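# Report on the structure
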Amino acid sequence: MQEISGLIIKEVRVANDSKIVTVLTAEFGKLQFWAQGSCNYRSKSFSGTRIMCYSRLMVETRNGQLNYLTSSDCIKNFKNVESDITKMSLGCWFLQIIDILIKDNVNTSKILRLVLNCLHYLDVCGSDNDNFELLIARLVFELRLLSYLGVSPNFSSCVQCGTTKFLRSISVKLGGMLCINCDTNSESTPNSILSLLKYIVLCEEKKIFAFKTSKKTIEIASGIVEKFLFIYLDIVPKSYKFMKEQLREILQNVDKDKYKYKDKDKNNDENKVLA
Ligand SMILES: [Zn+2]
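The structure presented is a predicted model; accordingly, all values stated were derived computationally and were not measured. (Residues numbered from 1 in each chain as written. Predicted model: local features only at pLDDT ≥ 70, side-chain atom pairs only at ≥ 80, totals over all residues.)

Here we come to helix H4 (residues 133-148). The terminal C-alpha atoms of H4, which comprises 16 residues, lie 22 Å apart, in line with the 22 Å expected from a rise of 1.5 Å per residue. The first or second residue beyond H4 is Gly-150, which carries a positive phi of 75 degrees. (Helix = DSSP H or I, 4+ residues; strand = E, 2+ residues; numbered from the N terminus. Expected span 1.5 Å × (residues − 1).)

Structure, rendered in structure tokens:
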């Protein structure tokens with residue numbers, strides 16, 4: 001018998017009130033457990049095996065096969081995410097991407113902290129449907145995850161010639177920046193977008209949400225990161241369509257100028273990113 005802690009990222013109901021849960025742990029990567037009878041609310045494993053719970057789990061291996069979960073306690077859950085359909089759509093999107101992209105031999109300690117931070121951010125931010133913070137959570141999660149997986153775009157130098165000067169545009173196809181000599185055709189990427197993307201990739205872990213930006217910047221940056229993300233996703237996750245529909249409503253409402261981070265200084269459209 002062994003005690004481990006982890007975030008429940010997937011639950012699949014099987015026969016006899018049991019389920020198979022997938023858990024993201026800091027020490028052992030992504031693990032699967034058979035949780036006997038845990039769909040029954042009277043079971044000792046009921047609360048701690050629900051999706052999006054960070055739980056303490058007692059597990060054991062039988063016959064060298066699938067790991068069995070014998071009991072569980074929920075250490076932390078995200079009630080405001082569970083009770084808000086838009087937040088939940090985003091939380092499920094985070095968990096599904098992790099389930100798809102995390103393979104064996106990946107260091108998951110940073111990834112676990114990232115997803116817990118992003119779920120906490122969702123949990124404490126407002127719940128109005130014009131809430132721009134949900135869009136920020138999505139952008140930070142996706143880009144930082146790509147970075148931790150070692151596949152984030154190269155924002156520091158030209159992917160063609162290597163220069164670090166006069167960078168002008170982002171190429172999804174080539175995986176990073178192009179300089180003015182290597183790219184004379186496409187539209188240049190505004191500094192505000194580049195600054196934001198670089199900040200999210202390079203900042204300290206505890207400062208991942210410590211920036212302010214405009215609606216336009218976050219919208220364009222999200223579009224770029226989504227394209228990079230889909231290069232690494234072999235399939236379109238089931239939660240994608242619903243999550244996009246939910247966020248589309250927010251974007252439409254933000255268009256009504258309700259956004260609380262709305263630019264105060266309209267003459268200074270560039271470099272809104274603050275460390
Ligand atoms: Zn170049």
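Attention now goes to the nonpolar core. Formed by 54 residues in total, the largest nonpolar core has its most connected members in Phe-94, Val-115, Cys-118 and Val-140. Looking at which element gives the most residues to this core, the answer is H4, with eleven residues. Split by domain, the residues of this core number at least three in each of domain 1 (2-76) and domain 2 (79-258). The next biggest cluster of nonpolar side chains, apart from the first, holds five residues, and it includes Cys-158, Ile-170, Met-177 and Leu-178. (Core = buried A, V, L, I, M, F, W, Y, C linked by C-beta atoms within 7 Å. Buried ≥ 20, exposed ≤ 12 C-beta atoms within 10 Å, placed from the backbone. Domains from an automatic or database assignment.)

Between H4 and helix H6 (residues 215-232), the least distance of the axes is 10 Å, while the angle of their chain directions is 35 degrees. For the pair H4 and H6, the crossing hand works out as left-handed. Listed contacts from H6 to Leu-135, Ile-136, Arg-138, Leu-139, Glu-142, Leu-143 and Leu-146 of H4 are Ile-218, Ala-221, Ser-222, Val-225, Phe-228 and Leu-229. A breakdown of the residues in the contact of H4 with H6 according to their chemical character gives ten nonpolar, one polar and two charged. (Axes fitted to C-alpha atoms, helices over the stretch in contact; angles between N-to-C directions. Left-handed = near helix turned anticlockwise from the far one by under 90°. Contact = placed C-beta atoms within 7 Å. Nonpolar A, V, L, I, M, F, W, Y, C, P; charged D, E, K, R; others polar.)

Our next topic: the environment of Phe-28. Following the sequence through the fold, Phe-28 ends up in the loop between strand S2 (19-24) and strand S3 (30-35). Its 13 C-beta neighbours within 10 Å are what place Phe-28 among the partly exposed residues. For the pair formed by Phe-28 and Ser-109, sequence separation is 81 residues and the distance between their alpha carbons is 9.0 Å.

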